[in-house]
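Structural features, examined
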Amino acid sequence: MTDERLERDSMGVIGVAKDAFWGAQTQRALLHFHIGQERFPRSFIRALGLAKRAAAETNMQLQRLDPRRGEAIVAAAIRMIAGELDPHFPLTIWQSGSGTQTNMNANEVLAYVANRQLGELAGTPGAVHPNDHCNLGQSTNDLFPTAMHIAAVEQLHQQLFPALLRLQLAVQQQVVAWQDIIKLGRTHLQDATPLTLGQEFSAYVTQLGWGLARLEATLPRLYPLAQGGTAVGTGLNTAIGFAEQFAARIAMLTGLPFTSAENKFAALAGHEPLVELSAMLSTLAVSLNKMANDIRLLGSGPRSGLGELLLPANEPGSSIMPGKVNPTQCEVLTMVCAQVIGNHTSINMAAAQGQLQLNVFKPLMIYNLLQSLQLLSDAMASFAEYCIAGLQPDRARMAELLERSLMLVTALAPRLGYEQAAALAQAALGNGTTLREEVIRSGCLSAQEFNQWVQPQQMLAPH
């Protein structure tokens, strides 16, 4: 008794586990690319399944694939789209730079499932063949970038945009709630003139809005699909009208306005639309990193830091210091941002490796891109729920710091001149007095005049 069955491809016979749905080419890849543990995520396997389904349906419509085999392939692809066949995609991303091994993995799994449905044995006249039928009119070189675009666009619409909007709304709600809390501003990590806590957080709302706008602007270059270019972009071995009908089917299946790429040569050889998307994700990560670090700094303490914000106490912060609470949501978001920025560097390098008619760093590019999309989506949703929504202002602490600030002297500069105002601030710092005490002591202004000229609520806008 053996736990293997024999599978055949153009290179000969090889043993495959009896319970595996893949065939000889996938098995050879398992042998020759035993590298790492990074596997394509669910979103990409789904996109491959969508592409295989659309290709089979289009080939049937063009009368290039008989309905008996075609419907069986479609049924198998539907299972692949739903995730039922995920255990039969064992390959890591470290393989041929075109993704040939994963494309053939999909073809072999679909053929196996289809043949089981038809009651056919592989290699018999009525059987579904991985290349001849599941890969009909296709090449890895156009199918893989097509799936890359489908997966990226779906993740944008289904995961990242909702998470980004949710975070932006959570911050906006705090802007409204805190518009009347006057606090000390800071530049260069030094005291500056006053602003409201709402004004401070309004910057984050705008930065998140910019991030959303930048990402939305990439979509017109992500919707065009490479399918129909086959090996080098010419469309050899596919039918007239296949590319356009395929794109229309993908648009129908996803509900997104995918089209056929006008220039298939560029779609195979270069991946600038995906690089652009990655760049916008990296830019969003810069904004998120800034916001998270600001909140962590404003919440530092509780006794020895700025302590202007009270961060939610989600979990114990230390295994040795009882009662310690740490800004963990800020920390996880900034770690995600570091990963996304690093991913973009890899994607830049990968996209630059497109020699002649084909880029051969596709698996690395889409793995990093989908990881960035997933990480940012998850981290933003978590940050909105477990940090932003639970933030509380320490009004007393902010009032105390504002009262002690020497930079309120800026309001006196128009009346006393820059040099005299600076001397008063320096004197107060040196004498350990408040600005009010030092100004009155110097005789420059009376207490009434100081109160008239130095009003933080009048320092929040042109006045």
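One can find the structure itself at the top, above this paragraph.
Residues numbered from 1 in each chain as written. Predicted model: local features only at pLDDT ≥ 70, side-chain atom pairs only at ≥ 80, totals over all residues. Heavy atoms only, no water.

Focus: the overall build of the chain
Keep this limit in mind: Helical segments are the DSSP runs of H or I of at least four residues, strand segments are the runs of E of at least two, and each set is numbered from the N terminus. A radius of gyration in this sense is built from C-alpha atoms; the matching globule rule multiplies 2.2 Å by the number of residues raised to 0.38. Each residue's exposure class comes from its accessible area (1.4 Å probe, protein chains only) as a fraction of the maximum for that residue type: buried when under 20%, exposed when over 50%, partly exposed otherwise. The contact criterion used throughout is that any non-hydrogen atoms of two residues lie within 4.5 Å. Values of accessible area rely on a 1.4 Å probe in the Shrake-Rupley scheme; residue burial ignores everything except the protein chains shown.
Each helix and strand in the chain was counted, giving 18 helices and ten strands. What you see for the chain is a C-alpha radius of gyration of 30 Å, clearly larger than the 23 Å of a compact globule of 463 residues, by over 25%. On the principal axes, the C-alpha backbone points of the chain span a range of 105 × 50 × 35 Å. Per-residue burial over the chain gives 51% buried out of 463 residues. Once local pairs closer than 6 in sequence are excluded, the contacts in the chain between residues at least 24 apart make up 73%. Total accessible area on the chain stands at roughly 21500 Å², and carbon and sulfur atoms take up 55% of it.

Digging into the packing of helix α16 (residues 418-431) against helix α17 (residues 435-442)
Selection rule: Note on geometry: axes are lines fitted to C-alpha atoms, helical ones only across the stretch in contact, with angles between N-to-C directions running from 0 to 180 degrees. For classification, angles of less than 35 degrees are called roughly parallel, those exceeding 145 degrees roughly antiparallel, those between 65 and 115 degrees roughly perpendicular, and all remaining angles oblique. Should the near helix be turned anticlockwise from the far one by less than a right angle, the crossing is termed left-handed; should it be turned clockwise, right-handed. The residue classification treats Ala, Val, Leu, Ile, Met, Phe, Trp, Tyr, Cys and Pro as nonpolar and Asp, Glu, Lys and Arg as charged. All others, Gly included, are polar.
Following both chains from N to C, one finds α16 and α17 inclined at 115 degrees, their axes separated by 9 Å at the closest point. Classified by the angle between their axes, α16 and α17 sit roughly perpendicular to one another. Read as a crossing pair, α16 and α17 show a hand that is right-handed. In contact with Leu424, Ala425, Ala427, Ala428 and Asn431 of α16, α17 contributes Leu435, Glu438, Val439, Arg441 and Ser442. Tallied by class, residues from the contact of α16 with α17 come to six nonpolar, two polar and two charged.

Details of the packing of aromatic side chains
Let me state the cut-off plainly: The pairing test for Phe, Tyr and Trp rings, Trp by its six-membered ring, is centres within 6.5 Å, and the orientation test on the planes gives stacked under 30 degrees, edge-to-face over 60, and tilted for anything in between.
Scanning the model with the defined rule gives eight aromatic pairs in all. Ring geometry for phenylalanine 44 against phenylalanine 144: centres 4.9 Å apart, planes inclined by 55 degrees, an arrangement best described as tilted. Of this pair, phenylalanine 44 sits in helix α2 (residues 42-61) while phenylalanine 144 sits in helix α6 (residues 140-177), placing them 100 residues apart in sequence. As far as burial versus exposure is concerned, phenylalanine 44 and phenylalanine 144 are alike and both buried. Here tyrosine 223 and phenylalanine 258 contribute two aromatic rings whose centre-to-centre distance is 5.7 Å and whose plane-to-plane angle is 85 degrees, an arrangement assigned as edge-to-face. Of the two residues, tyrosine 223 sits in the loop between α8 (219-222) and β5 (224-225) while phenylalanine 258 sits in the loop between α9 (242-254) and β6 (259-260), which places them 35 residues apart along the sequence. Per residue, the accessibility class of tyrosine 223 equals that of phenylalanine 258, and both read buried.

Everything listed here is a matter of coordinates, which is why it stays silent on function.
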